[in-house]
Amino acid sequence: MMGDNHSDIYTRLDPHGEVLAQRYSTYFAPTLKEAPAEAEIVSHKLLIRAGFIRRLAAGIYSYLPIGLRSLRKVERIIRGEMNRFGAREVLLPAVQPAELWKESGRWDQFGPELLRIKDRHDRDYVVGPTHEEVITDIIRREVRSFRDLPLNLFQIQTKFRDEIRPRFGLMRGREFIMKDGYSFDLDEVGAERSYQAMFNAYQNVFRRCGLKFAAVEANSGPIGGSYSHEFMVLADSGEDAIAFCPQCQYAANLEKATAPAYPITPGPIGQPLDKVYTPNCRHVPELARYLNVPEASIVKSLLFFDAQKNPLLVLIPGHREINLVKLRDALDGFEPTLASPEEAEKIMGVPMGYVTPIKAQTRIWADQGIERLKSGVAGAGEKDYHYLNAEVDRDFQVNQFLDLCLVEANDPCPKCGQPLDIKRGIEVGHVFKLGLKYSKALGATVTAADGSESLIVMGCYGIGVGRTLAAAAEQNHDPDGLVWPLALAPFQVALLPLQIQNPNVLAAAEELLDKLTAAGVEVLYDDRDVRPGVKFKDADLLGLPLRLTVSEKTLEKGGAELKNRADRVVVTLDLAAAPTEIVRLIKAFLAPS
Ligand code: ATP
Ligand code: MG
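The shown structure was predicted, so the numbers you read here are calculated from the model rather than taken from an experiment. Sequence order sets the numbering: in each chain, residues are counted from 1 along the sequence as written. Ligands are numbered from 1 and chains lettered from A, in the order in which they are written. Restriction of local features to residues with pLDDT of at least 70 applies here, the model being predicted, together with a cutoff of 80 or more for giving and counting side-chain atom pairs; totals for whole chains, interfaces and linings are based on all residues. Each side-chain value is derived from all of the structure's non-hydrogen atoms; neither hydrogens nor water enter the calculation.

Peer 1: Tell me about the domain arrangement of the protein chain, and please be specific about residues and values.
Peer 2: Those domain boundaries reflect an automatic or database domain assignment. The assigned domain composition of the protein chain is domain 1 (3-29 + 491-590), domain 2 (69-259 + 420-471) and domain 3 (274-402). Computed over C-alpha atoms, the centres of domain 1 and domain 2 are 40 Å apart.

Right under this line is the structure:
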């Protein structure tokens, strides 16, 4: 028997030297009754309570043995799919010289999220938050000819991002493990093909992890193009909102989703401007109530500053919220700042709430909905007054109409017009067509077939490995603890002998252990001398998919008791038949659906 020559005879190894079965009494799997106070969401609470992770500092976590087993399973699934789709694994350094980041321009563009360090010679380095620079540097040195392309390289490696608000445990850490991959192609067509291959690989990864997820259109930021998708695990605690069409399956991150926000023209058009007294109506709802008009007939004026610190007046329909990501994109990636009430009053001469586009000296952008508002309510540029019958073009001019509103539930789907749903999700993966951004900045070219020098077309692809594990926990739990999908469970079976002093119980359990491990089943063998209740509680908390109990009682019935963690169904199995039945169940669970 494998492992027999070792004193710890219950640690069984597989042919690669990986632990197949582990006895609990010599393991290191500390469980807790209570979650720490800072744990806000269930996955964070349970991963700590079940002894998967421990916090070292804000956003920095250690994986304990049982947590590392599940993490390795996520990694193995990712690695398998990367290999299947022709990506090659590398391992790049965590510490990167600042020069590369200066070359790409990101030394200046990145804010405090980038951890900058100095070595003993006072040279600048960064702890990598991502690896476009490093990988492009390798490629520009090593790849010369179109014949060397396409190329797709990935790694599974530790990143550091000094997140402003690390939280939710592994979900938004500062130090975290990412699979990041980069594709290199000769042209657009090739890049498209690489993108599609990674898209398919990601679908496989998250399906094999047993997750309920959706691939959604994502905002591709200032780089532009429609080539960005996020893989979202659906969960109420997710930080992202997704617009979904139940009819045609359109799915987009709310940051990116588009839907017309139709305003309502309340009365006849062509009426002259009419200044009305509107005391204490600084906000749309009060104003709508006071004037007895729909919120959608009010022009909401917001004052921002652009990159040059010039004021920019932005108009949106009153019943809508502004989508700051869309505004940022329209400003070529510059994060707009909203003017404070004092600044607004100084520039526009009236308190916020009465600001008007009429005769405004600033540049004006408006949501496309405003163009359809034939006559509406707008600020009068005077405290406590608004105008009725304000008309675009006649009374105020707009420099540019854009799509600037945040989509809301029941807005018409941009593809089929049916009402949209809003759901919440956790972004576990991101595929992105980079184009020439880094090859241009760092000078990564190849000689094309016709002898000309051609910039390499890139794509980048990321999966949060720890975040995927946390997302799985978020999606699979019940009041007693974790309920792992089989593919990510640290062990497949918890084997519980209840009276270890009884030689019959022990002998039966160990025979089961032998047979299960011989069949390649991963077992956590709870040989601890503790009360049955403790073993049951811990087994539930750890969330192993199958629990096999052997006790004086089950032996009287001629067998062992098998409980399915997910549906809690209990069956008694014949001792001899139990291993075969368990292998059958595992195969059925793991079979692709
Ligand atoms: P987010 O919007 O959540 O900050 P991001 O867009 O910054 O994510 P990418 O740069 O695309 O993330 O990184 C690829 C993947 O790495 C993400 O899809 C996510 O799964 C993971 N990831 C990013 N930031 C973190 C973090 N702070 N902690 C854990 N995982 C992360
Ligand atoms: Mg981020």
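That covers the picture; the talk isn't over yet.
Peer 1: So what's going on with the site of ligand 1? Which residues, and what values?
Peer 2: Throughout this document, a residue counts as near a molecule or strand when at least one of its heavy atoms sits within 4 Å of that molecule or strand. As a matter of local geometry, ligand 1 sits amid 14 residues, with E163, R172, G173, E427 and H430 nearest to it. In this structure, an oxygen atom belonging to ligand 1 sits 3.0 Å away from a main-chain N or O atom of V428. Surface accessibility in these figures is a Shrake-Rupley result with a 1.4 Å probe; residues are shielded only by whichever protein chains are displayed. Burial of ligand 1 by the protein amounts to 81% of the accessible area it has alone, namely 580 Å². Whether a set of points on the 1 Å grid over the protein atoms alone is a cavity depends on a 1.4 Å probe fitting there but being unable to get out, while an open set qualifies as a pocket with protein on both sides within 12 Å along at least five of seven lines; lining residues are those with an atom within 4 Å of a point. Assignment of a molecule to a cavity or pocket requires that more than half of its atoms lie within 2 Å of the corresponding grid points. A majority-of-atoms criterion places ligand 1 in the largest pocket. Secondary structure elements follow DSSP: runs of H or I no shorter than four residues count as helices, runs of E no shorter than two count as strands, and numbering proceeds from the N terminus. Contributing elements (two or more residues each) for the shell around ligand 1: β10 (175-185) and β23 (421-435). It is β23 that contributes the most residues to the shell around ligand 1, four residues altogether. Two N or O atoms form a polar contact when they lie within 3.5 Å of each other; inside protein one atom must be a possible hydrogen donor and the other a possible acceptor, and for residues adjacent in sequence the pair counts only when both atoms belong to side chains.

Peer 1: Outline the packing of helix α1 (residues 42-49) against helix α12 (residues 465-475), listing residues and values.
Peer 2: Geometrically, a packed helix pair is captured by the angle between its two axes and the distance between the axes. In contact at an axis separation of 8 Å, α1 and α12 are set at 105° when each is read in the N-to-C sense. Comparing their axes, α12 and α1 come out roughly perpendicular. Of α12, the residues touching α1 (which contributes V42, S43 and L47) are A470, A473 and E474. All residues other than Ala, Val, Leu, Ile, Met, Phe, Trp, Tyr, Cys, Pro, Asp, Glu, Lys and Arg, Gly among them, are scored as polar; the first ten of these are nonpolar and the last four charged. Considering only residue class, the contact of α1 with α12 consists of four nonpolar, one polar and one charged. Lines fitted to the C-alpha atoms define the axes, with helices restricted to the stretch that makes contact. Angles between their N-to-C directions range from 0 to 180 degrees. Throughout this description, any angle smaller than 35 degrees is read as roughly parallel, any larger than 145 degrees as roughly antiparallel, any in the 65 to 115 degree range as roughly perpendicular, and the remainder as oblique. Note on definitions: a residue-residue contact is assigned when non-hydrogen atoms from the two residues lie within 4.5 Å.

Peer 1: So what's going on with the sheet that holds strand β15 (residues 274-277)? Which residues, and what values?
Peer 2: In this scheme, strands are said to pair when DSSP sees at least two bridges between them. Read across the sheet, three strands follow the order β15-β21-β20 without closing on themselves; strand pairing throughout is antiparallel. Lying at the two open borders of the sheet, with one neighbouring strand each, are β15 and β20 (376-379). Within this sheet the neighbouring strands show an average axis-to-axis angle of 35°, counted without direction. Relative to strand β21 (residues 385-390), β15 runs antiparallel, the two being bridged by four bridges. Residue pairing for β21: D274 is matched across the bridge by L388.

Peer 1: Describe the environment of L46, naming the residues involved and giving the relevant values.
Peer 2: Here L46 lies in helix α1. Three labels apply to residues, based on accessible area from a 1.4 Å probe with only protein chains included: buried if under 20% of the type maximum, exposed if over 50%, partly exposed otherwise in between. What makes L46 buried here is its relative accessible area of 6%. Separated by 497 residues in sequence, L46 and G543 have C-alpha atoms that sit 9.9 Å apart. Apart from the residues lying within four places of it in its own chain, the contact partners of L46 are H477, G481, L482 and L541.

Peer 1: Summarise the state of the cysteines; cite the residues concerned and give the values.
Peer 2: Cysteine sulfurs are considered disulfide-paired once they come within 2.5 Å of each other. If you walk through the whole model with that rule in mind, you get zero disulfides. Note on C245: no disulfide assigned, nearest cysteine sulfur contributed by C416 at a separation of 3.5 Å. Residue class for C245 comes out buried when judged on its relative accessible area of 1%.

Peer 1: Help me get a handle on the sheet that holds strand β19 (residues 363-367), residues and values and all.
Peer 2: Pairing in this open sheet of five strands is mixed, and the strands run β18-β16-β17-β19-β22 from one edge to the other. Looking at which strands have only one partner, the edges of the open sheet turn out to be β18 (337-338) and β22 (400-402). The sheet contact formed by strand β16 (residues 299-305) and β18 spans two bridges and is antiparallel. Across the sheet, the residue bridging to F304 is L338, located in β18. Contacting β16, β17 (311-317) and β18, helix α9 (residues 341-348) crosses the sheet at an angle of about 100° to β16.

Peer 1: Could you give an account of the nonpolar core, with specific residues and numbers?
Peer 2: Among the nonpolar cores identified, the biggest contains 61 residues, and L47, F52 and W484 are the most heavily contacted of them. Looking at which element gives the most residues to this core, the answer is helix α6 (residues 188-208), with seven residues. Counting the residues that make up this core, at least three belong to each of domain 1 (3-29 + 491-590) and domain 2 (69-259 + 420-471). F52 has contacts with L47, S62, Y63, L64, I66, G67, S70, L482, W484, P490 and L542, leaving out every residue within four places of it along the chain. Nonpolar cores are built from buried Ala, Val, Leu, Ile, Met, Phe, Trp, Tyr and Cys residues. Side-chain atoms within 4.5 Å join them into one set.

Peer 1: Give me the lowdown on the packing of aromatic side chains, citing residues and values where you can.
Peer 2: The aromatic pairing rule takes the rings of Phe, Tyr and Trp, using the six-membered ring of Trp, and pairs them if the centres are within 6.5 Å, calling planes under 30 degrees apart stacked, those over 60 edge-to-face and the rest tilted. In the structure shown here, the tally under the stated rule is 10 aromatic pairs. Between Y202 and F206 the ring centres are 6.2 Å apart and the planes differ by 85°, which places this aromatic pair in the edge-to-face class. Here F206 and Y202 lie together in helix α6, a separation of four residues that amounts to about one turn. Neither residue differs from the other here; Y202 and F206 are each classed as buried. Put simply, the rings of F199, Y202, F206, F213 and F231 touch in pairs and so form one group of aromatic residues.

Peer 1: Describe the pattern of salt bridges, with residues and values.
Peer 2: When a carboxyl oxygen of Asp or Glu is within 4 Å of a side-chain nitrogen of Lys or Arg, the pair counts as a salt bridge. Under the definition given, this model contains 42 salt bridges. The partner of R320 in a salt bridge is D411, with the nearest N and O atoms 2.7 Å apart. In this pair, R320 is assigned in the loop between β17 and α8 (324-330) and D411 in the loop between β22 and β23, connecting sequence segments 91 residues apart. The exposure class of R320 is buried, given its relative accessible area of 6%. D411 gets classed as buried once you look at its relative accessible area, which sits at 6%. A salt bridge links R394 to E391, with the shortest nitrogen-to-oxygen separation between them at 3.8 Å. Here the residues in one salt-bridge network are D478, D480, D540, K563, R565 and R568, joined through shared partners.

Peer 1: Which residues make up the pairing of strand β2 (residues 19-23), and what are the values?
Peer 2: A large share of β2 lies buried, amounting to four of its five residues. In this sheet, β2 lies alongside strand β1 (residues 12-13) in antiparallel orientation, the contact comprising two bridges. Pairing of R12 across the sheet is with A21, part of β2. Summarising the sheet, β2 and strand β30 (residues 523-525) pair through three bridges and their orientation is parallel. Residue pairing across strands places R23 opposite Y525, the latter belonging to β30.

Peer 1: Explain unusual backbone geometry to me, using residue names and the numbers behind them.
Peer 2: The linkage connecting L149 with the following residue, P150, adopts the cis geometry, with an omega of 0°. With respect to the helices and strands, P150 occurs in the loop between α5 (132-142) and β9 (151-160). Positioned with a positive phi, Q249 is a non-glycine residue whose angle comes to about 70°. You will see that N389, though not glycine, has its phi angle at about 65°, which is positive. Considering the arrangement of structural elements, one finds N389 in strand β21.

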